[in-house]
Amino acid sequence: MAHHQILIIGGGTAGLTAASQLRRARPELEVAILEPSRDHYYQPGWTLVGGGVFTLEQTHRLEVDLIPEGVVWIHDAVASFDPDAKAVRTAAGATISYDVLVVATGIKLCWDRIKGLSEALGSNGVTSNYSREHAAYTWQTIQNFQGGNAVFTYPETPIKCAGAPQKIMYMADDVFKRSPEVASRSSVIYASATPGIFGIPVYAEPLKKVVARRGITTKFLHTLKEVRAASKEAVFHVKDGDTTREEVISYEMLHVTPPMAAPDVVAESPLAVSGPGGWVEVDKFTTQHVRFPNVFSLGDVSSLPNSKTAAAVRGQAPVLVANLLAFLDQRPLEARYDGYACCPLITGYGKTIMAEFDYDGNPKPSFPCDPTKERWTMWVVKTKLLPWLYWNRMLKGYGHERQFMPGVS
Ligand code: FAD
């Protein structure tokens, strides 16, 4: 049976960042990453693919080029967890034991929870930036749009990048308004299961103004349940006090953000929280599992109650590394994650609100300016600086020396 001192499940944003930081912090550590995919994508760039700013290829790198030096890449997937035995089984049938496990498998997109969606996606105006295969089709759809309803949805579950469902809407609205004829025939609708435009009040206020300025219709407590591709209709369940009613909205363009949950292999394991989501149940400050002390988790799959973003990983990773090393040394776990997350809210081409905040919704700006304002400089940060930092700093493990590294991803 293979054994690794530290076994990281998932070589995405969180797994790679944690592995790099661990090796930088303590080069003698023996670290392995279990990751099935040969390709890695900078997912925050998919909003820009959908908006015609990036190509998909610009968001792509080969996994082999990102695995930190000295780290073993096991090209396989986890099939089950046995934390009592300190081991996992893989899809290929191997058993791997570990001293410490880091779970970073990311999130599952539940396309099938919306009737008719999987079949509809990718043609006749139905698209999603959350699907790698369809982000480019979003841009095609925006360009071909000639009028009617353009509907942008948000589901009832936690999702990765809570701002992404509306960022693409503002870019689409900009494009529609370039043609007065198209604009006069168009109605842009934000239909969201949430009760408001954004969960952090200080950033919701400027977004309400953006929506009003653009004449966008908002429909809250609207959960997409079905896509009727043949008749171009989207069926929503609408919460109305204690009752739920059905509302059918016709569309010419439909951008769907699907419900999300932990991958089944995690949700069905002893590591999962009981109840919805199935996330890995960790302490919200230390990132250590609440029942299995030699298990840690970060990124989208963790139960950390922050906004699920790559930026949050940047706040989590140094804390996880410090606490994992303390665990190995049998010292108290003293590093604390404060819930830092960042969502660069693109409010149109050339405009971004750099929304950074902690668990309590307090702004945590990395730049010395009012973070609630739309700024061209923050658009440049989003489109140029952050991708560069991601590839050249974050995935290479810089920042491990600080328990908390403010804001960039
Ligand atoms: P991922 O990066 O998704 O990695 C998970 C890894 O686990 C993958 O490599 C996968 O192959 C692997 N895996 C899955 N199952 C298994 C298994 N069984 N065994 C082993 N490995 C497995 N974040 C921001 O900070 N800013 C943004 O502006 C932003 N915009 C976004 C826009 C869109 C459209 C999307 C889709 C995401 C956006 N994000 C943004 C979110 C960000 O990309 C994620 O929060 C981040 O990638 C989470 O990292 P992760 O490692 O947890 O998951």
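Owing to the predicted nature of the structure, the values given are computational and were not obtained by experimental measurement.

Describing helix H10 (residues 376–394)
The first and last C-alpha atoms of H10 sit only 24 Å apart over 19 residues, clearly below the 27 Å expected at 1.5 Å per residue. The axis of H10 is deflected most strongly, by about 40°, at Lys382. For H10, every residue scored as buried is listed here: Met378, Trp379, Val381, Lys382, Thr383, Leu386, Pro387, Leu389, Tyr390, Trp391 and Met394.

Thoughts on the domain arrangement of the protein chain
Domain boundaries in the protein chain define domain 1 (2–107 + 262–340) and domain 2 (110–259). Spacing between the C-alpha centres of domain 1 and domain 2 amounts to 31 Å. Taken together, the contacts link 14 residues of domain 1 with 16 residues of domain 2. Where domain 1 abuts domain 2, roughly 1300 Å² becomes buried across the two surfaces, and 67% of that area is made up of carbon and sulfur atoms.

Describing the nonpolar core
Formed by 131 residues in total, the largest nonpolar core has its most connected members in Leu7, Val88, Leu101 and Phe198. If one sorts the elements of this core by residue count, helix H9 (residues 310–328) sits on top with 10 residues. Each of domain 1 (2–107 + 262–340) and domain 2 (110–259) gives at least three residues to this core.

Re the sheet that holds strand E15 (residues 233–240)
Pairing between the strands of a sheet is mediated by backbone hydrogen bonds and can be parallel or antiparallel. An order of E14-E15-E16 is seen for the 3 strands of this open sheet, with the pairing classed as antiparallel. Strands at the two margins of the open sheet, each flanked by one partner only, are strand E14 (222–228) and strand E16 (243–250). Between one strand and the next, the sheet's axes are offset by a mean angle of 25°, whatever the strand orientation. Bridge count between E14 and E15: 6 bridges; the pairing is antiparallel. The partner of His222 across the bridge, within E15, is Val238.

Quick notes on the sheet that holds strand E12 (residues 186–192)
Strand order in the open sheet formed by 5 strands is E10-E17-E11-E12-E13, with parallel pairing between adjacent strands. Where the open sheet ends on each side, the last strands, each with one partner, are strand E10 (126–127) and strand E13 (217–219). Where strand E11 (residues 148–154) lies against E12, 7 bridges are found, and the strand directions are parallel. Counted as the bridge partner of Gly148 is Ser186 from E12.

Some thoughts on the pattern of salt bridges
Taken as a whole and assessed by the stated rule, the structure comprises 19 salt bridges. A salt bridge links Asp329 to Arg26; the nearest nitrogen and oxygen atoms lie 2.9 Å apart. Of this pair, Asp329 sits in the loop between H9 and strand E20 (341–348) while Arg26 sits in the loop between helix H1 (13–25) and strand E2 (31–34), placing them 303 residues apart in sequence. Of the residues examined, Asp329 reaches a relative accessible area of 32% and is grouped as partly exposed. It is possible to trace a salt-bridge network through shared partners that takes in Lys115, Glu226, Arg228 and Glu233.

What to know about the site of the ligand
Neighbouring residues of the ligand: 33 residues in total, closest Ala14, Glu35, Val78, Asp300 and Ala311. Here Glu35 contributes a side-chain N or O atom positioned 2.6 Å from an oxygen atom of the ligand. In isolation the ligand has 1000 Å² of accessible area, and contact with the protein removes 91% of it. If you list the elements that add at least two residues to the shell around the ligand, you get H1, helix H2 (46–50), helix H5 (164–177) and H9. Among the residues making up the shell around the ligand, the classes are represented as 16 nonpolar, 11 polar and 6 charged. In this structure, the shell around the ligand is formed jointly by two domains, domain 1 (2–107 + 262–340) and domain 2 (110–259), each of which donates at least three residues.

Quick look at unusual backbone geometry
Look at Cys161: it is not a glycine, yet its phi comes out positive at around 50°. Mapped onto the fold, Cys161 is located in the loop between E11 and H5. On the accessibility criterion, Cys161 (18% relative accessible area) is buried.

Brief notes about the packing of aromatic side chains
For the coordinates displayed, the defined rule picks out 11 aromatic pairs. Measuring from centroid to centroid gives 5.5 Å for Tyr337 and Tyr359, while their planes differ by 70°, and the two rings are edge-to-face. With Tyr337 in the loop between H9 and E20 and Tyr359 in the loop between strand E21 (351–357) and H10, this pair connects stretches of sequence that are 22 residues apart. Judged by its relative accessible area of 0%, Tyr337 falls in the buried class. Members of the aromatic cluster, each reached through a chain of ring pairs, are Tyr42, Tyr390 and Trp391. We note Arg24 situated over the ring of Tyr398; from NZ or CZ to the ring centre the distance is 4.0 Å.

Concerning the packing of helix H4 (residues 135–144) against H5
Close contact between H4 and H5 brings their axes to 9 Å; oriented N to C, the two are set at 30°. Looking at the two axes, H4 sits roughly parallel to H5. Read as a crossing pair, H4 and H5 show a hand that is right-handed. Side by side, H4 and H5 meet where Thr138, Trp139 and Ile142 of the first sit next to Ile168, Ala172, Val175 and Phe176 of the second. Per-class residue counts for the contact of H4 with H5 are 6 nonpolar, 1 polar and no charged.

What counts and how
Residues numbered from 1 in each chain as written. Predicted model: local features only at pLDDT ≥ 70, side-chain atom pairs only at ≥ 80, totals over all residues. Heavy atoms only, no water. Helix = DSSP H or I, 4+ residues; strand = E, 2+ residues; numbered from the N terminus. Expected span 1.5 Å × (residues − 1). Bend = angle between axes of the 7 residues up to and from the residue. Buried < 20%, exposed > 50% of the residue type's maximum accessible area, 1.4 Å probe, protein only. Domains from an automatic or database assignment. Contact = heavy atoms within 4.5 Å. Buried area = accessible area lost by both parts, 1.4 Å probe. Core = buried A, V, L, I, M, F, W, Y, C linked by side-chain atoms within 4.5 Å. Pairing = 2+ DSSP bridges. Axes fitted to C-alpha atoms, helices over the stretch in contact; angles between N-to-C directions. Salt bridge = Lys/Arg side-chain N within 4 Å of Asp/Glu carboxyl O. Near = heavy atom within 4 Å. Polar contact = N/O pair within 3.5 Å; in protein donor to acceptor, adjacent residues only side chain to side chain. Areas by Shrake-Rupley, 256 points an atom, 1.4 Å probe, with all protein chains shown as cover. Nonpolar A, V, L, I, M, F, W, Y, C, P; charged D, E, K, R; others polar. Phe/Tyr/Trp six-rings, centres within 6.5 Å; stacked < 30°, edge-to-face > 60°. Lys NZ or Arg CZ within 6 Å of the ring centre and 35° of its normal. Parallel < 35°, antiparallel > 145°, perpendicular 65-115°, else oblique. Left-handed = near helix turned anticlockwise from the far one by under 90°.

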